[in-house]
Amino acid sequence: MTIPNDRIPPVFELREVEKVYQIKRPGRLFSRHKVGLHALDGVRLTIQPGASVALVGESGSGKSTLLRVLLGLTPPTQGLAYYKGRPVIAARAEGIDFARDVAMVYQDARGSLDPRMTVGAILAEALRHFRICTRDQEPARIADLLTRVGLPAEAAAGYPSALSGGQVRRVAIARALASNPTVLVADEAVSGLDVSTQAQLLNLLRKLRAEMGLTLVFITHDLGVASYLCDEIAIMYLGRIVETGPTNAVLTAPAHPYARALRRAAPEFFAPITDPLPGEIPSPLDLPKGCRFAGRCTLARDDCRATDPALMRLPQAQGRAAACLHPLTLMND
Amino acid sequence: MTAPLLQVQDLTLYRGSRKILDSVSLDLAPGETLALVGESGAGKSTISAALMGLVEGARVEGHARFDDVPDLIGLNEKGWSRLRGRRLSMVFQDAGAALNPCYTVGSQLATVLRRNMGLPRKQAHARAVELLESVGINDARARMQAYPHQLSGGMQQRVMVAIALACNPELLFADEPTSALDVTIQAQIVRLILDQTRAHGASCIFVLHDLALASQACDRIVVLYAGQVMESGRCDVVLADPRHPYTKLLKSCVVEIGTENLDPPEGGVPSYDALPQGCRFASRCPRAQDQCWASRPPLTESAGRMMACWNPEVAA
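Parameters at a glance
- Residues numbered from 1 in each chain as written.
- Chains lettered and ligands numbered in written order.
- Predicted model: local features only at pLDDT ≥ 70, side-chain atom pairs only at ≥ 80, totals over all residues.
- Helix = DSSP H or I, 4+ residues; strand = E, 2+ residues; numbered from the N terminus.
- Pairing = 2+ DSSP bridges.
- Contact = placed C-beta atoms within 7 Å.
- Axes fitted to C-alpha atoms, helices over the stretch in contact; angles between N-to-C directions.
- Buried ≥ 20, exposed ≤ 12 C-beta atoms within 10 Å, placed from the backbone.
- Arc of directions from axis to C-beta.

A. Representation of unusual backbone geometry within the structure. Positive phi values are uncommon outside glycine, yet D10 of chain B reaches one of about 50 degrees. Positionally, D10 of chain B belongs in strand 1 (residues 6-15).

Below, the structure written as structure tokens:
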């Protein structure tokens, strides 16, 4: 594909990405009949260099599948996924550069570190794999990485089991940074921590992003975290992106009823508990005919149950898009 | 004020030489909801476990009067079996692990009713269906036959709530009942627990780590640090204007939509072996003085709440 010279290609670009997994129908152990599970459908997403994007959604919304497509770990069934203007799968197949450039922080940080290796060995392994420096330079490099994530250089001698939850996350971040990446993809990197530890890590990620000019793709379920760390947000529901835009604009005045429901469900000091969204996310095996959210939407009308809305630009707000036939008016609510 | 339903005085719990809980005192009025908050290792869950008689291999001291039971501490198994599940019950954090995978949810619910309320089989079954309906499970009759793994996390937690409320307990413990669930389902479960306990006139103790949620769901709050009560009182007093440096720190670390800047202190909860003699928070406290390291501040009333601090924040 040719790229016009007047613009830098986006880091990631997804065009109408669809991912269908062929699975056995659950509950029929011996049946050979397979059915399609639509994990992603019609996903359009552009991530510009230096951007910070939060992917938000409940379990089953397709966040992890989207991540796998972005990282080229699985090809999309339909549609195109580009990394800096080239198909992701091709970029990945070409060699080590893609993995060096795009670093990942896994959700289960402790599980992602080998318990039999010292912290220093874990970091050295990444340095060697990506041929970042010579062996003599390694100790200095490791000390530098540890300081950068706010750990003492002596931590290199210890094992992951001796570290607290917050420290383990820092090591996982340090390892991701070992290859001097330009893109950091983090899956729930600050969830399940105490508030003070979480706040420390959020500040660390902000600092690293500013210092290294990282492009950040951050999966989270916490809207507060999304607003603190990311300028843009993409809210997912059942394999679709239902709303995107600048984080604070989307969260102060959501256009999609699901985005509003998420916003209202987030705990807020002294706010009365609002009526929760009824029902649960439906099974991706039998999707409703019209809008996927219609069954739980309090504002659904007849046409919502018949027509499936695509992600459309919102004319009255810059940079925002929503997949809703009757978007909410963009007033502070 | 009516007589408290639960009155805990100087609850202290040792594991070996470690003092996991240090003189925790709290009380709870009938129909009231109380939040126990603090970082991990603060002893929140240990308090609820001790008050349910679920701690083993630990030395427990202090007193806990519950309604007409003079002291829960030191109660024998026979005494506990009269209380647990009947007058005191608990919703656990991980419903998937708390429910028995080998039995249908209907039979687990009916067992509780038959054992604790002495209902005959048929009545127990009918009542179980009613209970499942009351916690918002559609098609309850069919769901009775479901095994826990066939239900979603939110549905499992609803079943847990139904089991916990089956015998109309006077006091319900909810230990992080929603932290494993998605946000919209979290809101449903919190709402369900509040509605159900209110309908039964029961009191509820929530173990939470989310201060914002505590302010929404609970009347009163107890802030714990390393097994000591730092500050306690009405949520709208304590959380609106925290005076204990620890409460203030916790609140300042909460990230909300639109939070511009966080300023968390470095470091974390010290290990139980390295705690200061006096106030356990002294090593992280920005306002600590010599006195704080040497002697433990007593829990006294000031500014409309109970507080244990030698050098509290002054009014904003």
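After presenting the structure, the write-up continues.
B. Geometry of the pairing of strand 2 (residues 18-28) of chain B. All names here are of chain B. As paired strands, strand 1 and strand 2 are joined by 7 bridges and run antiparallel to one another. Along strand 2, the bridge assignment pairs R15 with R18. In this structure, the hairpin formed by strand 1 and strand 2 is closed by a connection of 2 residues, where G16 is found at a positive phi of approximately 60 degrees.

C. Structural view of the sheet that holds strand 8 (residues 215-220) of chain A. All names here are of chain A. Strand order in this open sheet of 8 strands is 6-7-8-3-9-10-12-11, and the pairing throughout is mixed. With one partner strand each, in any of the chains shown, strand 6 (102-105) and strand 11 (312-313) form the two edges of the open sheet. As paired strands, strand 6 and strand 7 (residues 183-187) are joined by 4 bridges and run parallel to one another. When the bridges of strand 7 are listed, V105 appears paired with A186. Across the sheet, helix 1 (residues 63-70) lies against strand 3 (52-56), strand 7, strand 8 and strand 9 (232-237), angled at about 155 degrees from strand 8, the strand it touches most. Most of the contacts of helix 6 (residues 165-177) go to strand 6, to which it runs at about 170 degrees, and overall it touches strand 6 and strand 7.

D. Seen up close, helix 5 (residues 138-148) of chain A. Residue and element names in this part refer to chain A. Every buried residue of helix 5 is accounted for by I142, L145 and L146. Axial view of helix 5: buried residues confined to an arc of 95 degrees, hence all on one face. Along its buried surface, helix 5 packs onto helix 4 (119-129) and helix 6. Just downstream of helix 5, G150 is the residue with a positive phi angle, here 80 degrees.

E. Representation of the pairing of strand 3 (residues 33-37) of chain B in the model. Residue and element names in this part refer to chain B. The buried fraction of strand 3 is high, at 5 of 5 residues. Where burial is concerned, the two faces of strand 3 agree: the one with T33, A35 and V37 and the one with L34 and L36 are both buried. Two strands pair when backbone bridges link them, and strand 3 and strand 7 (residues 203-208) are joined in this way by 5 bridges, in the parallel orientation. The residue of strand 7 that forms the bridge with V37 is L208. Bridging between strand 3 and strand 8 (residues 220-225) involves 4 bridges; their strand directions are parallel. Residue pairing in the sheet places L34 in a bridge with R220 of strand 8.

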